[in-house]
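# Secondary and tertiary structure notes
The residues making up each chain are set out below.
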Amino acid sequence: VIILPVKGTALKKHVLIIEDVFTRHFQIYFNRIISPSTRRHIVKKRAYNLTSLRELKHFSRSTDCDYGLLANVKNLNYSYAIAYALRSFEVSLQLIKLDGNSIIWQESHSGIRSAGGLPTGPFGLVMHINSANHFMNDADGFEALFEDVVRQLSKRFFYFKKTF
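Small disclaimer: the values here were computed from a predicted structure and weren't measured.

Attention now moves to the nonpolar core. Counting residues in hydrophobic clusters, the biggest one holds 27 residues, and the most contacted among them are Phe22, Phe26, Phe89, Val91, Leu93 and Phe157. Those elements that place two or more of their residues in this core are α1 (12-26), β3 (67-81), β4 (84-97) and α5 (141-163). The contacts of valine 91, once residues within four sequence positions are left out, are Phe22, Ala71, Asn72, Val73, Lys74, Glu107, Ser108, His109, Val149 and Leu153. Formed by 13 residues, the second largest nonpolar core is a distinct cluster that contains Tyr48, Leu50, Leu70 and Leu98.

Here it is in structure tokens:
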């Protein structure tokens, strides 16, 4: 299985993390997986354009890998309003057969994390501002959210694979 480039609304720094998280969670289900770093190396070395279906099929044949795992980020948001902070992530995942571009399995999942809240007094205001600020400054916050969402997708794939 080739971990294909992430599509949708995500920054480049988030795309790298998302691809690595998918690799970690789905490598246990397949005999062989072409990781994002290996894919990028081959694409750069051989000048493939994986947005072209024709070149994707050629890439698939050259790596002797007939399947791809394609993530499409539908929503990646963060908001901050003095005493409240929110992160949300929604992604759909498809296992596709690359020679015919047919979908074998498809699922989507979303997750939301938040901190802070509606202050009920001066002490509550200070507590919620501190909580929301700490939440927004957490560098690993998005990665933890990605891990949770992908873990749920991985569990759903496990049950699909048992019936497949």
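Picking up where we left off.
The next thing to look at is the pattern of salt bridges. In total, this model carries eight salt bridges according to the counting rule given. Its salt-bridge partner being arginine 24, residue glutamate 143 comes within 3.8 Å of it at the nearest N-O pair. A residue pair is termed long-range when its members are at least 10 positions apart, and glutamate 143 in helix α5 and arginine 24 in helix α1 qualify at 119 residues. The salt bridge involving glutamate 107 is made with arginine 156; its shortest N-O contact spans 3.1 Å. A residue pair is termed long-range when its members are at least 10 positions apart, and glutamate 107 in strand β5 (residues 102-116) and arginine 156 in helix α5 qualify at 49 residues.

Cut-offs used in this document
Residues numbered from 1 in each chain as written. Predicted model: local features only at pLDDT ≥ 70, side-chain atom pairs only at ≥ 80, totals over all residues. Heavy atoms only, no water. Core = buried A, V, L, I, M, F, W, Y, C linked by side-chain atoms within 4.5 Å. Buried < 20%, exposed > 50% of the residue type's maximum accessible area, 1.4 Å probe, protein only. Helix = DSSP H or I, 4+ residues; strand = E, 2+ residues; numbered from the N terminus. Contact = heavy atoms within 4.5 Å. Salt bridge = Lys/Arg side-chain N within 4 Å of Asp/Glu carboxyl O.

Bear in mind that shape data such as this cannot, by itself, settle questions of function.
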